[in-house]
Structure formats: structure tokens, C-alpha cells
Amino acid sequence: MPARKKQTAEERRAVPRLRVARHEAAHAVCAVKMGLYVHSCGLGAHRMMRGSAGWTKLREQRCPDPLEWAHVFLAGDAAERHFYRQSRRAFSGDDWSKARALGFRDRSLDSIALSADVFVAEHAAAIDRVAYALAGEGQLSRPALLKAIRAASRGKKGE
Ligand SMILES: [Zn+2]
């Protein structure tokens, strides 16, 4: 597939709500499963994170683990591929830039991206549950996020 040029903020705003919600849900679920503290996530521009269609707010860490954070950044892009078969980076250029800024080389990022693909496939039910809640509410607090993740794991066990 030909490389696509980076999307403008305006083009990103035109992306359907559920799609943005799935992208953000993947960041949030990945962070929670990594044991990172997620404050909240939401749709629309965040005052601290301008120009994006959605946001996930994590607690700042004194010694962040770059590998964990790279997984969290690339999980959004992995969700684009899992749910929409979107070519890599079309909607996730900023996430890739942030992952690269952690100091990883391209080959390492490719391998982290593959592992993010596996993560998203394994947690697709939780990501979807969070995404629908997020698309409905526009924003999820930490308790609402954790509740949606728990509900998905109960669903899986057939309770
Ligand atoms: Zn993202």
C-alpha cells in the first residue's frame, strides 16, 4: 500500500466516533493490563493534548518503563489494524513519534507493534466494551474504565 501522508487535525476530527473510541480504548486497556495507572480517557480534544481526536490520561511516573509505554502508545495503532484493517500509522503518527521518542530503533518498534497486535487480538472484547462505553459517554473515569474491563472478562466466562 502506498504510504499515506500524515493526517491533519481536521481530517482526524472527521473520523467516526466509535473508531476513535476503539483506538483510545486500546491505549487505556493496554495501560491497565500493564499495571499503569489510568486516570481517565475521552473523546475530543484534551486541553493538555491538543490536535488529537481522543486522549488517555496516565499518571506520570518517576521511572517509566519505556517498553511498557511503547506498548501503550502502539496499542492504538494495533486497534486500527485489528478492527479496521487500516494500514500502519494512518491514524497514529503521533503515537509512533512518541514511541520513537522513548529511544527505540525502527526494528524494535516493529517488534513492539507486532506484540501490540497480539495484545489487541487477545483483549478485543475488553477494548470493545470500553470503546462502546466511551462512545456513549464521551469520557470515562478510572472506575468506569475498570468496570467496563471487568464486565468484558465476566462476559468471556459466560457468567
Ligand atoms: Zn493514539
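Every value quoted in this text rests on a predicted model; they were computed, and no experiment measured them.

Digging into the packing of helix 3 (residues 66-84) against helix 5 (residues 106-122)
Where helix 3 meets helix 5, the axes come as close as 8 Å, and the angle between the chain directions of the two elements is 65°. Helix-helix and strand crossings are classified by hand; for helix 3 and helix 5 the assignment is right-handed. Listed contacts from helix 5 to A70, H71, L74, A75, D77, A78, A79, R81 and H82 of helix 3 are I112, A113, S115, A116, D117, F119, V120 and A121. For the contact of helix 3 with helix 5, the per-class residue count stands at eleven nonpolar, three polar and three charged.

A few points about helix 5
Taking 1.5 Å as the rise per residue, helix 5 with 17 residues should run 24 Å; its terminal C-alpha atoms sit 24 Å apart, in good agreement. Every buried residue of helix 5 is listed here: I112, A113, A116, F119 and V120. All buried residues of helix 5 project into a common sector of 115° when viewed along the axis, lining one side. Structural note: helix 5 exposes R107, S111, L114, V118, A121 and E122 on the side pointing more than 90 degrees away from its buried face. In this structure, the buried side of helix 5 is in contact with helix 2 (17-33), helix 3 and helix 6 (124-137).

A word on the sheet that holds strand 2 (residues 54-58)
If you walk across this open sheet you meet the three strands as 2-1-3, and the pairing is antiparallel. Single-partner strands in this sheet number two, and they are strand 2 and strand 3 (139-141). For this sheet the average axis-to-axis angle between neighbouring strands, irrespective of direction, equals 10°. Across three bridges, strand 1 (residues 38-43) lies against strand 3 in antiparallel orientation.

Re the nonpolar core
By size, the foremost hydrophobic cluster in this structure holds 37 residues, and its most contacted members are V29, A75 and V130. Only helix 2, strand 1, helix 3, helix 5, helix 6 and helix 7 (142-157) provide two or more residues apiece to this core. The leading source of residues in this core is helix 2, at nine residues. The residues touching V130, leaving out its near neighbours within four places in the chain, are A25, A28, V29, L140, L145, A148 and I149.

Focus: the packing of helix 2 against helix 3
Between helix 2 and helix 3, the least distance of the axes is 8 Å, while the angle of their chain directions is 135°. Relative to helix 3, the element helix 2 is oriented oblique. Crossing angle aside, the handedness with which helix 2 passes helix 3 is right-handed. Of the residues in helix 3, those touching helix 2 at R19, R22, H23, E24, A26, H27, C30 and A31 are H71, V72, A75, G76, A78, A79, E80, F83 and Y84. When grouped by side-chain class, the residues that make up the contact of helix 2 with helix 3 number nine nonpolar, four polar and four charged.

Some thoughts on the environment of L43
Mapped onto the secondary structure, L43 falls in strand 1. On the basis of neighbour count, L43 is assigned to the buried category, with 21 C-beta atoms found within 10 Å. Spatially, the C-alpha atom of L43 lies 9.0 Å from that of E137, the residues being 94 residues apart in sequence. Non-local contacts of L43, meaning those with residues more than four positions away in its chain, are made with R17, V20, A21, A53, G54, L134 and G138.

Section: the environment of K147
Within the secondary structure, K147 sits in helix 7. Considering only alpha carbons, one finds K147 and R129, 18 residues apart in sequence, at a separation of 9.7 Å.

Scoring rules and cut-offs
Residues numbered from 1 in each chain as written. Predicted model: local features only at pLDDT ≥ 70, side-chain atom pairs only at ≥ 80, totals over all residues. Axes fitted to C-alpha atoms, helices over the stretch in contact; angles between N-to-C directions. Helix = DSSP H or I, 4+ residues; strand = E, 2+ residues; numbered from the N terminus. Left-handed = near helix turned anticlockwise from the far one by under 90°. Contact = placed C-beta atoms within 7 Å. Nonpolar A, V, L, I, M, F, W, Y, C, P; charged D, E, K, R; others polar. Expected span 1.5 Å × (residues − 1). Buried ≥ 20, exposed ≤ 12 C-beta atoms within 10 Å, placed from the backbone. Arc of directions from axis to C-beta. Pairing = 2+ DSSP bridges. Core = buried A, V, L, I, M, F, W, Y, C linked by C-beta atoms within 7 Å. Parallel < 35°, antiparallel > 145°, perpendicular 65-115°, else oblique.

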